[in-house]
Amino acid sequence: MCFSQHVRVRIDNRIGRCTGSKHRISDSLKNKTEFDLALAKEQHKQFCSLLRELGLDVIELPPDDELPDSVFVESSAVICNGVALIGKSDDPMRQKEANSMAITLKKELDIPVEVIENPSAQLHGGDVLFTGREFFVGIHNGYTNEDGARAVAMSFPEYPVTPIKVGGTKPLKYYVSMAGPDVLCVSTSEICQEIVKRMEREASFKYQKITLPEEHASNMLYINGTLIHRSPQEILESHKIIKEKIDIPTRNINISEFSQFSSGLTSACILLRRWKSIRSI
């Protein structure tokens, strides 16, 4: 099922000078479970540094002790072609994070913001995969529903938008991400393979695939011609395959600590093209 049948125009927002919007890690995150907060902060700092090395202007928002999950900004918004669609959740804390991000995007970055009016809709940014040609929107309880997918179709009518049922407990981009132009990164896990089969049946375009053995290796970031993936310590077998099969520049980073509450690399940033001067935050 595809919500949009409009003329398909390819505008690859993953390439070019970008800005990454990110929250720093709040000390209150340590209250969620026992983990090494200092290491998590150091890994997050290294992640920000890597994004800057790849040519991004990284905006780090101050930590919010009342919203420990706010470092995982991906859930808060979907940005494409200079428009931000704000996420919607039944969870008051997650909705507060989205509302806070909407204020930052609109007032500080001058980005047009669209808010979902449908009270039944749910939309988690981690469920929205933009391939540069079309959108796939993961559908599953607690994250995103079909009304949320319809909101994506209404906000970005220039692209086909296809809802995809997700059987797992994580957002869509934990299981499938972009490993380069027209290349999907997936894993051998049963859940992931079921998702990919649905995507291939419904896709408006043909994509290549790289298949990795570790499920959590599927979440990657393709930025300015470089593919960012997890470190060999986290994905030993997948790292070997990436080195054998990927012929574009790659960088790896260890996110084992700060990512344990999230989908991975994509969860801690929102990427957008920079087309105006950015005010200091």
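Residues numbered from 1 in each chain as written. Predicted model: local features only at pLDDT ≥ 70, side-chain atom pairs only at ≥ 80, totals over all residues. Heavy atoms only, no water.

1. Considerations on the sheet that holds strand β6 (residues 128-130)
Phase 1: Read across the open sheet, the three strands follow the order β6-β7-β8; overall the sheet is mixed. Each edge of the open sheet carries a strand with a single partner, namely β6 and β8 (161-165). Neighbour-to-neighbour, the strand axes of this sheet turn through a mean angle of 25°, independent of strand direction.
Phase 2: Bridge analysis of strand β7 (residues 135-139) against β8 gives five bridges, and the strand direction is parallel. Paired with F136 across the strands is T162, a residue of β8.
Phase 3: Across the sheet, helix α3 (residues 146-155) touches β6, β7 and β8, and the angle it forms with β7 is around 165°. (Pairing = 2+ DSSP bridges. Helix = DSSP H or I, 4+ residues; strand = E, 2+ residues; numbered from the N terminus. Axes fitted to C-alpha atoms, helices over the stretch in contact; angles between N-to-C directions. Contact = heavy atoms within 4.5 Å.)

2. Observations concerning the sheet that holds strand β10 (residues 183-187)
Phase 1: Taking strand neighbours across the sheet as the criterion, the three strands line up as β9-β10-β11 in an open arrangement whose pairing is mixed. Here the strands that pair on one side only, and so sit at the sheet edges, are β9 (177-180) and β11 (208-212). Here the average twist between neighbouring strands, direction ignored, is 40°.
Phase 2: Summarising the sheet, β10 and β11 pair through five bridges and their orientation is parallel. Along β11, the bridge assignment pairs L184 with K209.

3. A word on the environment of E202
Phase 1: If you trace the backbone, E202 turns up in helix α5 (residues 190-202).
Phase 2: As a C-alpha pair, E202 and F136 span 66 residues in sequence and 9.3 Å in three-dimensional space.

4. Some details on the pairing of strand β14 (residues 250-253)
Phase 1: With four bridges connecting them, strand β13 (residues 226-230) and β14 associate as parallel partners. Looking across to β14, one finds that L227 is bridged to T250.
Phase 2: In the classification by handedness, the crossover that spans β13, the intervening helix α6 (residues 236-245) and the parallel β14 is right-handed. (Right-handed = clockwise from strand over helix to strand, strands pointing away.)

5. What about α5?
Phase 1: Helix length check: α5, at 13 residues, gives a terminal C-alpha distance of 19 Å against a target of 18 Å (1.5 Å per residue), a fit within 8%.
Phase 2: Residues of α5 that are buried in the fold lie against β6, β7, β8, α4 (172-175), β10 and β11. (Expected span 1.5 Å × (residues − 1).)

6. Considerations on the packing of aromatic side chains
Phase 1: In the structure shown here, the tally under the stated rule is six aromatic pairs.
Phase 2: Between F136 and Y207, the aromatic rings sit 6.4 Å apart at their centres with planes inclined by 70°, giving edge-to-face as the arrangement. In this pair, F136 sits in strand β7 while Y207 sits in the loop between α5 and β11, placing the two residues 71 residues apart along the sequence. Pair check on accessibility: F136 and Y207 agree, each one buried.
Phase 3: Chaining the aromatic ring pairs together yields one cluster made of F130, F135, F156 and Y159.
Phase 4: One cation-aromatic arrangement involves K170 over Y174; the distance from NZ or CZ to the ring centre is 5.5 Å. (Phe/Tyr/Trp six-rings, centres within 6.5 Å; stacked < 30°, edge-to-face > 60°. Buried < 20%, exposed > 50% of the residue type's maximum accessible area, 1.4 Å probe, protein only. Lys NZ or Arg CZ within 6 Å of the ring centre and 35° of its normal.)

7. With respect to the pattern of salt bridges
Phase 1: Using the criterion set out here, one finds 10 salt bridges in the structure.
Phase 2: Residue E146 is joined to R150 by a salt bridge in which the shortest nitrogen-to-oxygen separation is 3.7 Å. Of this pair, E146 and R150 both sit in helix α3, four residues apart, which is roughly one turn of that helix.
Phase 3: The class for R150 is partly exposed, based on a relative accessible area of 35%.
Phase 4: In this structure, the salt-bridge partner of R150 is D147, at a minimum N-O distance of 3.1 Å. One end of the pair is R150 and the other is D147, both in helix α3 and three residues apart, which spans about a single turn.
Phase 5: Each of E146, D147 and R150 takes part in a single network of salt bridges with overlapping partners. (Salt bridge = Lys/Arg side-chain N within 4 Å of Asp/Glu carboxyl O.)

8. A short note on helix α1 (residues 37-53)
Phase 1: Here α1 spans 24 Å end to end across 17 residues, near enough to the 24 Å set by a 1.5 Å rise per residue.
Phase 2: The distance from a side-chain oxygen at the start of α1 to the backbone nitrogen of A38 is 3.2 Å, and the residue carrying that oxygen is D36.
Phase 3: Note on α1: the residue one or two positions beyond its end, G55, has a positive phi of about 95°. (Polar contact = N/O pair within 3.5 Å; in protein donor to acceptor, adjacent residues only side chain to side chain.)

9. A few points about the nonpolar core
Generally speaking, soluble globular proteins have nonpolar side chains that are buried together.
Phase 1: With 21 residues, the main nonpolar core has F47, L51, L221, I228, I253, F258 and L265 as its most contacted residues.
Phase 2: When contributions to this core are tallied by element, the ones reaching two or more residues are α1 and β12 (221-223).
Phase 3: Ranked by the residues each element gives to this core, the list is headed by α1, at six residues.
Phase 4: In contact with L221, other than residues within four places in its own chain, are F47, T226, L227, I228, L265, T266, C269 and L271. (Core = buried A, V, L, I, M, F, W, Y, C linked by side-chain atoms within 4.5 Å.)

10. Quick look at unusual backbone geometry
Phase 1: One non-glycine residue, D182, lies in the positive phi region at around 65°.
Phase 2: Within the fold, D182 resides in the loop between β9 and β10.
Phase 3: Even without being a glycine, N224 presents a positive backbone phi close to 50°.
Phase 4: Mapped onto the elements, N224 comes out in the loop between β12 and β13.

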